[in-house]
Amino acid sequence: MKRLDHITIWYESPAIHLMQDSTGKVIGAVINRHGQEVYVHAKKGVVLTAGGFENDPERIQDYLGVPKMVPMGTLYNKGDSINLSIEAGADQWHTSVYNGGGLYHGLTYAVANGQRGILSYTWPELYTGSIFVVGNDGTRYFAEDQHSKAGYLFIHGFGRHPYLTTQSWIIFDQKQKAKLEQIQDSALQSALNKAIAASSASELAAKLNFDSTIFTNTVKDFNELAKLGKDYSFSRNGQTMTPLADGQIYAIKLQPAALNTQGGPRRNEKAEVLKPDGSAIKGLYSAGEAGSITTNQYQAGQDVAELLIFGKIAGENVAQEPVEKADSVAPLDPKILASDEQTENYQLGANQFLGKSDQGMGNEFVVKVTMDKNNQNIQDINVIKQSETKEIGQKIIKPLLHNIIESNSTNVDAVSGASLTSKAVKSAVDDALAKIK
Ligand SMILES: Cc1cc2nc3c(=O)[nH]c(=O)nc-3n(C[C@H](O)[C@H](O)[C@H](O)COP(=O)(O)OP(=O)(O)OC[C@H]3O[C@@H](n4cnc5c(N)ncnc54)[C@H](O)[C@@H]3O)c2cc1C
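Bear in mind that the values here come from a model prediction, so they are computed numbers and not experimental data. (Residues numbered from 1 in each chain as written. Predicted model: local features only at pLDDT ≥ 70, side-chain atom pairs only at ≥ 80, totals over all residues. Heavy atoms only, no water.)

Caption draft 1: Layout of the site of the ligand. With respect to spatial proximity, 22 residues lie near the ligand, and among them A15, N77, D80, E289 and V304 are the closest. E289 is positioned such that a nitrogen or oxygen atom in its side chain is 2.8 Å from an oxygen atom of the ligand. For the ligand, whose accessible area on its own is 1,000 Å², the fraction buried by protein is 67%. The element best represented in the shell around the ligand is helix 7 (residues 302-319), accounting for 4 residues. (Near = heavy atom within 4 Å. Polar contact = N/O pair within 3.5 Å; in protein donor to acceptor, adjacent residues only side chain to side chain. Areas by Shrake-Rupley, 256 points an atom, 1.4 Å probe, with all protein chains shown as cover. Helix = DSSP H or I, 4+ residues; strand = E, 2+ residues; numbered from the N terminus.)

Caption draft 2: Examining the domain arrangement of the protein more closely. Taken domain by domain, the protein consists of domain 1 (4-98 + 259-335), domain 2 (107-258) and domain 3 (344-436). Using C-alpha coordinates to define each centre, domain 2 is positioned 43 Å away from domain 3. (Domains from an automatic or database assignment.)

Caption draft 3: Representation of the nonpolar core. Counting residues in hydrophobic clusters, the biggest one holds 22 residues, and the most contacted among them are Y104, Y109, L126, I170, F172, I252 and L254. Residue contributions to this core peak at 4 residues, all from helix 4 (residues 186-193). (Core = buried A, V, L, I, M, F, W, Y, C linked by side-chain atoms within 4.5 Å. Buried < 20%, exposed > 50% of the residue type's maximum accessible area, 1.4 Å probe, protein only.)

Caption draft 4: Spatial organisation of the sheet that holds strand 19 (residues 352-357). What the 3 strands build is an open sheet, ordered 19-20-21; its pairing is antiparallel. The open sheet terminates on both sides in strands that have one partner only, identified here as strand 19 and strand 21 (378-385). This sheet shows a mean twist of 25° between the axes of neighbouring strands, independent of strand direction. Pairing analysis gives 6 bridges linking strand 20 (residues 365-371) to strand 21, with the strands arranged antiparallel. Looking at the pairing, T370 lines up with D380 of strand 21. (Pairing = 2+ DSSP bridges. Axes fitted to C-alpha atoms, helices over the stretch in contact; angles between N-to-C directions.)

Caption draft 5: Focus on the sheet that holds strand 2 (residues 26-33). Taking strand neighbours across the sheet as the criterion, the 3 strands line up as 1-2-3 in an open arrangement whose pairing is antiparallel. A strand with exactly one partner marks an edge of an open sheet, and here the two such strands are strand 1 (15-20) and strand 3 (36-41). Pairs of neighbouring strands in the sheet enclose a mean axial angle of 25°, with direction left out of account.

Caption draft 6: Focus on helix 7. Under the 1.5 Å per step criterion, the end-to-end length of helix 7 is 25 Å for 18 residues, consistent within 8% with the ideal 26 Å. Those residues of helix 7 that fall on the buried side of the exposure criterion are Q302, D303, E306, F310, A314 and V318. Within helix 7, the buried residues cover an arc of 95° as seen down the axis, which keeps them to one side. Among the exposed residues of helix 7, those oriented more than 90 degrees off its buried face are V304, L308 and K312. Buried positions along helix 7 lie against strand 4 (46-48), strand 7 (98-99), strand 15 (260-261) and strand 18 (280-286). (Expected span 1.5 Å × (residues − 1). Arc of directions from axis to C-beta. Contact = heavy atoms within 4.5 Å.)

Caption draft 7: Focus on the packing of helix 10 (residues 393-407) against helix 11 (residues 419-436). Interhelical geometry of helix 10 versus helix 11 gives an angle of 40° and a closest axis separation of 9 Å. Classified by the angle between their axes, helix 10 and helix 11 sit oblique to one another. Of the two possible hands of crossing, helix 10 and helix 11 adopt the one that is right-handed. On helix 11, the residues that touch G393, I396, I397, L400, L401 and I404 of helix 10 are T421, S422, V425, K426 and V429. Split by residue class, the contact of helix 10 with helix 11 holds 7 nonpolar, 3 polar and 1 charged. (Parallel < 35°, antiparallel > 145°, perpendicular 65-115°, else oblique. Left-handed = near helix turned anticlockwise from the far one by under 90°. Nonpolar A, V, L, I, M, F, W, Y, C, P; charged D, E, K, R; others polar.)

Caption draft 8: Expanded view of the packing of aromatic side chains. Under the criterion given, the structure shown has 8 aromatic pairs. Measuring from ring centre to ring centre gives 4.7 Å for Y121 and W123, while their planes differ by 80°; the resulting arrangement is edge-to-face. When the centroid spacing of 6.4 Å and the interplanar angle of 85° are considered together, the rings of Y141 and Y163 count as edge-to-face. With a gap of 22 residues between them, Y141 in the loop between strand 9 (131-134) and strand 10 (153-155) and Y163 in the loop between strand 11 (158-160) and strand 12 (168-173) connect regions that are remote in the sequence. Members of the aromatic cluster, joined through ring pairs, are Y104, Y141, F142 and Y163. Between K230 and the ring centre of Y232, over which it is positioned, the NZ or CZ distance is 5.6 Å. The ring of F310 carries the charged tip of R267 above its face, separated from the ring centre by 4.7 Å. (Phe/Tyr/Trp six-rings, centres within 6.5 Å; stacked < 30°, edge-to-face > 60°. Lys NZ or Arg CZ within 6 Å of the ring centre and 35° of its normal.)

Written as structure tokens, this is what we have:
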């Protein structure tokens, strides 16, 4: 942050290739900048930090073995670190490792393809009462009350992801539905509104495409075990199980969720990217989930720790590389070199001031503040650019700006639960107001 004025940041400019010299040393990257291919020469080296493959359906299928995992974070990690490093000759590792998260052992309420899932809470009512979960075939496959860490369950003494189904269903009766309706959770309530209802287990089986005998037996078995007070199938606490009443029965669709994936280029302790023979690819480093060191266990905070620690190691080591002189480096077109700020055409009228902040959840947050003619009172604030999260951040921007305009000051309460977006809004307005002086 201290050296930010020396660092050029280009948004929406993905790296599409790495460049190597005749010895295989990585000497730069090809960037897609506003539709143009820009060849950027790296004087010392390149650090790959383009994340995992959460949003690459083909690799999700190939590496994780399911047709779809719902991304819970960025929508832009499409496995480019893997493509770029393979081009440069890198070995790959940990391709089947990922972190789940969300409901139960890493499930989320189903969303359409290409949409982000919602990180929701496994309320006790989702595993206590006349309620259980089945997979694709209408059978139960795990203990619904089992504590999970980032999607890992403690299986045979070891943290493991359970068998992943393409979809799962929460099954419950009318009485349980009434309990779920009392919970203040918008994701759950919207899932409840979309729940599939039937007047019997066999009718529900038909609607969900289950074999009717298999599903009705699942319901029967669950009810028997609940009466016994002992789950001989999956060791769920018998006290949490109540038989489902006859009559109305419901199903909510779930899909497996990915917080992040770990697969990508193999790296060593110096953050150097390695070839299959174990030697380092000169000039190529990596950090974060782009080929994470993590194997099949979860330690809290491991991903953020890894991006910070390996970011530091990679940065320090690349800085020690000798400066690579390029024989012929064409100067870049100044239009391409210019930062996003200069290339974006912000129109300002009289008594209007531009303010920016990088303190939000997303990229740069930019506002246009319109003052009265004496530059004393804020008349209006328009958000020109923001990429805060749709579910949380974007919802608080308007009301917070309203409060700032009303009190003619940024000294207003931040919105709890959206503290980063609040910070971005307030500091961008402060930045604009500072320009008046
Ligand atoms: C809801 C949620 C909760 C989480 N909770 C935790 C937690 O509690 N603890 C923890 O340790 N971890 C947690 N994680 C995981 C952690 O956030 C990620 O593993 C971590 O942020 C990854 O950092 P990164 O820098 O490697 O990748 P990212 O932060 O994903 O950054 C990769 C960047 O590369 C960009 N990119 C992609 N392709 C290209 C390209 N070709 N060229 C240039 N740029 C490209 C992407 O747009 C993205 O901005 C959570 C994740 C989610 C989604």
